[in-house]
Amino acid sequence: MSLDFREVKLSEAQERLQGGDDFFLYYSSFLGGYTRDRLLMSVPIDDHIVHRGDGVFDNALCVNGNYYLLDQHIERFFFSANAIGIEPPFSTDDLKRLLIQLGIAAGRKDFIARFFVSRGHGSMSVYPHEAISPNLYVLIGKFSPAPERYFKTGLTAVTSPTKMHPPISPQVKSVDYLSNALMELSAKGNGADAAIGVDNSGNITEGSNKNVAVVGKDGILRIPPPEKILRGTTLARAMEMSPELVKKKVISGVRTENIPLPDAYNAAEILFFSTSFFCAPVVKYDGRTIGDGKPGKVWKAFHDLFNKDVKSNKKVLTPLEVTSIRQVPISKQNQNPNLIAKLKR
Ligand SMILES: Cc1ncc(COP(=O)(O)O)c(C=O)c1O
């Protein structure tokens, strides 16, 4: 790259930015509406989300004209915002309506909606009170599915040397994903598909953009304690599905508890959960073969249930129709008073 010292012409920038067709539609409360023009798909540099990482985000998948688990993503978005003292100047219903309208306007049935709320624009300082008011940015973009081999042969993973989210709760989906990015760097450097975090006591936590669950040889599905991980919408849905798997004797039960690394190494199965692939099997972890080294029966059962869910379960689907616009229930738990109180102290 040469660091050219010259003034760029608008026409030149236009040419450079028009390339690619992955971004279908963009909304910015700063601009006051949506656009299809790639040149306008920008965030002001004095927005604190850019220069201080002061903001939160969430992503919701739309499959065949239906958002999957949309209320859950909106609920977590507000939880994250409130936890860092951002009070979005719009309601959960407003956001839901907008996401549906943007999906309709994009004229697509399959996409991912990435939405961000920032502290706001207004200064280049670290001081949140110098921001004018929170901004909402939404990108309706192309969704790239996980490679087929994840499901055919499974993923490999390594333990990440990077600890995640020291000062802020891992339950907050802040835009500061530096530690998550470094986890992926270590995975790549070790020739693995993914990295798994561990806490200070050597218990596994989660991946950079996915939750982790472990099935013991006793058939118990174990997940790390909620305060150590992001409350994944996919994992939460898997928990709702799990009684059916107990009934069918695919698993013998579910437990939320610390999972020491050796227990993960000796697992019958290790599972990843994420919006982008629902459930995926880990077949090798830190060089050790997990189970019989192939995607297992618990993974297969969840994989099938998720595929059915996203195709036909009206309870968790929001069609891209104006009639879908209804209230988003925000549970008391997710108003998160403890975290807010802690930050105000
Ligand atoms: C750190 C982290 N953990 C877990 C997840 C999985 O969450 P979800 O199932 O809602 O995609 C994500 C993805 O957003 C994440 O970034």
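From a predicted model like this one, the values you see are computed outputs, not experimental measurements. (Residues numbered from 1 in each chain as written. Predicted model: local features only at pLDDT ≥ 70, side-chain atom pairs only at ≥ 80, totals over all residues.)

## Re the site of the ligand
Within the structure, the ligand sits among 13 residues, and Leu230, Gly232, Thr233, Thr234 and Thr275 are positioned closest to it. Listed by contribution, the elements that provide at least two residues to the shell around the ligand are α7 (233-247) and β13 (269-274). A per-element tally of the shell around the ligand places α7 first, with 3 residues. For the shell around the ligand, the per-class residue count stands at 3 nonpolar, 8 polar and 2 charged. (Near = placed C-beta within 6 Å. Helix = DSSP H or I, 4+ residues; strand = E, 2+ residues; numbered from the N terminus. Nonpolar A, V, L, I, M, F, W, Y, C, P; charged D, E, K, R; others polar.)

## Some remarks on the confidence of the model for the chain
Mean pLDDT over the chain works out to 92, with 93% of the residues at or above the 70 mark. Ignoring residues within four places in sequence, the model shows residues 332-345, a span with pLDDT below 50, making 14 contacts including any to other chains. (pLDDT = per-residue confidence, 0-100. Contact = placed C-beta atoms within 7 Å.)

## Some thoughts on the sheet that holds strand β5 (residues 111-118)
Think of a sheet as strands paired side by side through backbone hydrogen bonds, with each pair either parallel or antiparallel. Strand order across the open sheet formed by 7 strands is β2-β1-β6-β5-β3-β4-β16, with antiparallel pairing between neighbours. Each of the sheet's edge strands pairs with one partner strand only, and the pair in question is β2 (33-35) and β16 (317-319). Between one strand and the next, the sheet's axes are offset by a mean angle of 25°, whatever the strand orientation. Examined bridge by bridge, β5 and strand β6 (residues 136-141) share 6 bridges and lie antiparallel to one another. Among the inter-strand pairings, Ile112 is bridged to a residue of β6, identified as Gly141. The strands touched by helix α3 (residues 70-83) are β3 (55-63), β4 (66-68), β5 and β16; relative to β3, the strand with the most contacts, the crossing angle is about 175°. (Pairing = 2+ DSSP bridges. Axes fitted to C-alpha atoms, helices over the stretch in contact; angles between N-to-C directions.)

## A few points about helix α9 (residues 297-312)
For an α-helix, the turn length of 3.6 residues means that residues three or four places apart are oriented alike. In this model α9 runs 23 Å from its N-terminal to its C-terminal C-alpha over 16 residues, within 8% of the 22 Å that 1.5 Å per residue would give. Among the residues making up α9, those that are buried are Val298, Trp299, Phe302, Leu305 and Phe306. The arc that holds every buried residue of α9, seen down its axis, measures 135°, which confines them to one face. For α9, the exposed residues lying more than 90 degrees away from the buried face are Asp304, Lys308, Lys311 and Ser312. (Expected span 1.5 Å × (residues − 1). Buried ≥ 20, exposed ≤ 12 C-beta atoms within 10 Å, placed from the backbone. Arc of directions from axis to C-beta.)

## Examining unusual backbone geometry
A positive phi angle, near 55°, is found at Leu69, a position not held by glycine. Within the secondary structure layout, Leu69 lies in the loop between β4 and α3. On the basis of neighbour count, Leu69 is assigned to the buried category, with 21 C-beta atoms found within 10 Å. For Lys249, which is not glycine, the phi dihedral falls at a positive 60°. Among the structural elements, Lys249 can be located in the loop between α7 and β12 (253-256). A tally of 8 C-beta atoms within 10 Å means that Lys249 is categorised as exposed.

## Some words on the nonpolar core
Ala157, Ile270, Leu271 and Cys279 are the most contacted members of the largest nonpolar core, which has 39 residues in total. Tallying contributions element by element places strand β14 (residues 278-285) first for this core, with 6 residues. Counting 38 residues, the second largest nonpolar core, distinct from the first, contains Ile49, Leu70, Leu102 and Leu136. (Core = buried A, V, L, I, M, F, W, Y, C linked by C-beta atoms within 7 Å.)

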